[in-house]
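Notes for the structure review
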Amino acid sequence: MMQTPDTRREATKTKKYVYGISIPIIALLGILSWYHATHQARTEIANENLTKESLEETTPEIQEETIKHVTTPDEVRGIYWTANSAGGKRGQELLKYMKKTGLNTVVIDLKLDNGTLAYIPKNPELKKYAQEKPVVQDFPTLLKQLKEKNIYRIARIAVMRDTTFAKLNPYQALLRGNHKIWRDKTGAGWVDPASPLVAKYAKALARDAYDMGFDEIQFDYVRFASDGALSTITYSQYDRKKPKYEIMRIFFSDMGSLREEKIPISFDVFGMTFWSTSDFNIGQRLEDAFPNADYISPMVYPSHYPPNFQGFKNPALARSEERRVGKECRS
C-alpha cells in the first residue's frame, strides 16, 4: 500500500502516542510488581515470625524432672511392702503408719510372687515381663510421696525364683527331664544362675527402678534352688563343672558393677552364711557377696535354718526348747 505524506504523519503520531502511553504503563506495572513482591515478602516474614511465636507459646521445651534420691539413714528402721500393698489403699495406710511410728525405710517388691513385673517399666525391653494392667499404676507418684516424707526407698528384685521369666525363656531356666519348667515345692519356676541373660535382666531392672526413683536395689533369691526335687533338675546353662559358689561369685560381681553407676545395691542371704564358709549347695557365701555390695541383709528367721543346725534338731523351735529345758532344770 502506498503511503502519502499525510498518511506518514498520522502513522508517526500513532507511534509517538503508543510509545508515550507505553512508558508510563510499563513504569506503573513495574511499581505494582515491586509492591506486590515486597508485600508478599513482608507477609511471608510476618507469617514465619508468627508461626515461630505460636510454636514457642504452644510447645514449650519439655524437660524430664530430675530424680532426687534419699541418702541412706544412719539408723535404718524399715518395713516391707508387697507390690499389691504399694498399688492399693494399703500403701497409703502403711505410709501414715510409718510416719506415726518413726519408720524411715521401705522395701517394695517390683515383682509379683510369680515373677511378673507389677509396674509399668520405663525400659521398653522390660514390658514383655509386665502385667497388662499392673497393680502399681503410678510408681513415680508413690515414690515422690515417700521422698516428701524423707523415706528411704528400696526396690526388691527376686532373681532366680521367677516363673514368668522361666516361661518366656525356657532355655535359660531350670528344666526337668522332659524339658518342662522345673518347679520347687511351692510350684514356682526357677532360672539358671549361670545364665548371662538372667544377670542382664536383673541389671536392667535395677537401672529401671533406680531411674524411676528408688534409692537402693535389693537382690533376693540370689542362689541355686534349695527346696523340691533337686535331683530331677536339668540345667540349661550350668555345666556342673565349676562349684556352685563360683557361678554365684560371677553373678555377685556382675551385680556389683552397678555401683560404678552410683546405684547402691544389697543382697539378701541366708543367715547361716554368717556361720560358715560353706555354700550349703546353693552357691551362696558371704565372702563372695560382701565385696560386691553396699549392704548385706542376712535372713535370720528361725525357719531358715536346716535340721540339726548348730546341734538343734529343729532350729525353728530351738528357743522354746531352751526355755523348756531351763524351766525343767529350775524345778
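The preceding data block contains the structure.
Reading the values: rules and limits
- Each chain has its residues counted from 1, following the order in which its sequence is written.
- In keeping with the predicted nature of the model, local features appear solely for residues at pLDDT of at least 70, side-chain atom pairs appear and are counted solely at 80 or more, and the whole-chain, interface and lining totals rest on all residues.
- Each side-chain value is derived from all of the structure's non-hydrogen atoms; neither hydrogens nor water enter the calculation.
- Here a strand is any run of E in DSSP of at least two residues, a helix any run of H or I of at least four, and the numbering for each starts at the N terminus.
- Residue contacts are defined here by distance: any two heavy atoms, one from each residue, within 4.5 Å place the two residues in contact.
- Each accessible area is a Shrake-Rupley result for a 1.4 Å probe, and residues are judged covered by the shown protein chains and nothing else.
- Relative accessible area decides the class of each residue, using a 1.4 Å probe on protein chains only: under 20% of the type maximum gives buried, over 50% gives exposed, and in between gives partly exposed.
- DSSP bridges decide pairing: two strands pair if at least two such bridges lie between them.
- Lines fitted to the C-alpha atoms define the axes, with helices restricted to the stretch that makes contact. Angles between their N-to-C directions range from 0 to 180 degrees.
- Patches here: salt-bridge-free residues with over 30% relative accessible area, like charges joined within 9 Å, nonpolar side chains (Val, Leu, Ile, Met, Phe, Trp, Tyr) joined within 5 Å.
- Basic side-chain nitrogens of Lys or Arg form a salt bridge, by our definition, when they fall within 4 Å of a carboxyl oxygen of Asp or Glu.
- When charges are counted, neither His nor the chain ends are considered; positive counts come from Lys and Arg and negative counts from Asp and Glu.
- Charge coordinates come from a single atom per side chain, which is NZ of Lys, CZ of Arg, CG of Asp or CD of Glu.
- Note that the arc is computed from the directions linking the helix axis to the C-beta atoms.
- For our purposes a nonpolar core is just a set of buried Ala, Val, Leu, Ile, Met, Phe, Trp, Tyr and Cys residues, chained together by side-chain atoms within 4.5 Å.

Here we take up the overall build of the protein chain. Secondary structure summary: the protein chain contains nine helices and eight strands in total. Across the protein chain, contacts joining residues at least 24 apart in sequence account for 73% of those joining residues at least 6 apart. Accessible surface for the protein chain amounts to roughly 20,500 Å². Of this, 54% is attributable to carbon and sulfur atoms.

The two faces of the sheet receive side chains in turn, since in a regular strand these alternate between them. Burial of strand β7 (residues 265-270) is extensive: six of the six residues sit out of reach of the surface. Residue alternation in β7 divides its side chains into two sets, I265, F267 and V269 and S266, D268 and F270, and both sets are buried. Both strand β5 (residues 216-220) and β7 contribute to a ladder of three bridges, which runs parallel. Counterpart to Q218 in the pairing with β7 is S266.

One open sheet holds the six strands; their spatial order is β1-β2-β3-β5-β7-β8, and the pairing between them is parallel. The open sheet has two free edges, formed respectively by β1 (78-81) and β8 (295-299), since each of these has just one partner strand. The sheet shows a mean angle of 25° between the axes of neighbouring strands, taken without regard to direction. Inspection of the sheet shows β1 paired to strand β2 (residues 105-109) by four bridges, in the parallel sense. Within the sheet, the bridge partner assigned to I79 lies in β2 and is V106. Taken strand by strand, helix α6 (residues 196-212) contacts β3 (152-158) and β5, and its axis lies near 150° from that of β5.

This part covers a positive patch on the surface. A cluster of basic residues, K167, R176, K180 and R183, forms a positive patch on the protein surface. Tracing the backbone shows K167 in helix α5 (residues 163-168). A residue is classified by how much of its surface remains accessible, and K167, at 53% relative accessible area, is exposed.

Time to look at helix α4 (residues 139-148). For α4, the full list of buried residues reads F139, L142, L143 and L146. Angular distribution of buried residues about the axis of α4 spans 100°; they occupy a single face of the element. Where α4 is buried, its residues touch β1, α2 (83-87), α3 (89-101), β2, β3 and α6. Directly after α4, the chain includes N150, whose backbone phi takes a positive value near 60°.

Our focus in this paragraph is the nonpolar core. Grouped together as the largest cluster of nonpolar side chains are 66 residues, with contacts concentrated most on W81, F139, F219 and F267. Looking at which element gives the most residues to this core, the answer is α6, with 10 residues. Other than its neighbours up to four places away in sequence, F139 contacts I108, D109, L110, Y119, M212 and F214.

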